[in-house]
Amino acid sequence: MMKIYYTNLGNLTTFVQVKGKKRYVDFISSDNKTGYFSTDNEPLQQALEQDPAFGGRYKLHKEIGEAAEPKTVLTPVEHILNWQQAREWLSGEPYNIPLKKMPNSTSIRKEAEGLGLCFPKIKQ
């Protein structure tokens, strides 16, 4: 299963111990505010979630699919602040998703994820 982690510290490089070895983790930010790191490596996920910095410096953003699914990295859309904005944005160019296909937040999220997008500033 793919897990996406985030930090509100922008670009962040940290490390965790994975099976006795130091593993560097780079959170990448496009706006110098929110950085993201994704992995489907289960030992690395466990190390991240057992590290003292988990829940403070960085947190779990979301889990996607099963381990057997292909790796998917969602592109964050930082300027969208609520579901109404997301709905309007997805209905415009270049996506042109009909409004009737997005009657609620669940359907909006599903359409965005199908396009490889996520809205990290919308509270889940």
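Up top you'll find the structure we're talking about.
In this text, all values refer to a predicted model and were calculated from it rather than measured experimentally.

Among the residues of helix α1 (residues 42-50), Leu 44, Gln 45, Ala 47 and Leu 48 are the ones counted as buried. When α1 is viewed along its axis, its buried side chains cluster within an angular range of 165° and face the same direction. Against β1 (2-7), β2 (12-18), β3 (21-29) and β4 (35-39) lie the buried residues of α1. N-capping of α1 is provided by Asn 41, with a side-chain oxygen placed 2.9 Å from the backbone N of Leu 44.

Attention shifts here to the side chain of Thr 39. Examined against the element boundaries, Thr 39 turns out to sit in strand β4. Apart from the residues lying within four places of it in its own chain, the contact partners of Thr 39 are Met 1, Met 2, Lys 3, Tyr 5, Leu 44 and Gln 45.

The contact between helix α2 (residues 83-91) and helix α3 (residues 105-114) brings their axes to 10 Å, and the two run at 45°. In terms of axis orientation, α2 runs oblique to α3. Considering the relative orientation of α2 and α3, their crossing is left-handed. Contacts between α2 and α3 involve Trp 83, Ala 86, Arg 87 and Leu 90 on the former and, on the latter, Ser 105, Ile 108, Arg 109 and Ala 112. Each residue belonging to the contact of α2 with α3 can be placed in one class, and the counts come to five nonpolar, one polar and two charged.

Our focus in this paragraph is the sheet that holds β3. Within a sheet, adjacent strands bond to each other through the backbone by hydrogen bonds, running parallel or antiparallel. Taken together, five strands build an open sheet; the order of strands is β2-β3-β4-β1-β5 and the sheet is antiparallel. With partners counted over all chains shown, the strands left at the sheet margins are β2 and β5 (59-64), one partner each. Put simply, the sheet's adjacent strands are angled 30° from each other on average, direction ignored. Two strands pair when backbone bridges link them, and β1 and β5 are joined in this way by five bridges, in the antiparallel orientation. Paired with Tyr 6 across the two strands is Lys 59, which belongs to β5. Taken strand by strand, α1 contacts β1, β2, β3 and β4, and its axis lies near 110° from that of β2.

Attention now moves to the pairing of β1. The buried count for β1 comes to five of six residues, which makes it a mostly enclosed element. Here β1 pairs with β4 via five bridges, running antiparallel. Bridge pairing in β4 places Tyr 6 opposite Tyr 36.

Before going further, it helps to examine the side chain of Ser 107. Tracing the sequence through the fold places Ser 107 in helix α3. Not counting residues within four places of it along the chain, the set of residues in contact with Ser 107 comprises Lys 101 and Met 102.

On to the pattern of salt bridges, then. Oppositely charged side chains can form a pair if their charged atoms are brought close together. Tallied over the full model, the rule gives five salt bridges. Ionic pairing is found between Glu 49 and Lys 3, a salt bridge with its closest N-O pair at 3.0 Å. Linking Glu 49 in helix α1 with Lys 3 in strand β1, this pair joins segments that are 46 residues apart in sequence. Linked by salt bridges that have partners in common, Lys 3, Glu 49 and Glu 63 make up one network.

Conventions we followed
- Residues numbered from 1 in each chain as written.
- Predicted model: local features only at pLDDT ≥ 70, side-chain atom pairs only at ≥ 80, totals over all residues.
- Heavy atoms only, no water.
- Buried < 20%, exposed > 50% of the residue type's maximum accessible area, 1.4 Å probe, protein only.
- Helix = DSSP H or I, 4+ residues; strand = E, 2+ residues; numbered from the N terminus.
- Arc of directions from axis to C-beta.
- Contact = heavy atoms within 4.5 Å.
- Polar contact = N/O pair within 3.5 Å; in protein donor to acceptor, adjacent residues only side chain to side chain.
- Axes fitted to C-alpha atoms, helices over the stretch in contact; angles between N-to-C directions.
- Parallel < 35°, antiparallel > 145°, perpendicular 65-115°, else oblique.
- Left-handed = near helix turned anticlockwise from the far one by under 90°.
- Nonpolar A, V, L, I, M, F, W, Y, C, P; charged D, E, K, R; others polar.
- Pairing = 2+ DSSP bridges.
- Salt bridge = Lys/Arg side-chain N within 4 Å of Asp/Glu carboxyl O.

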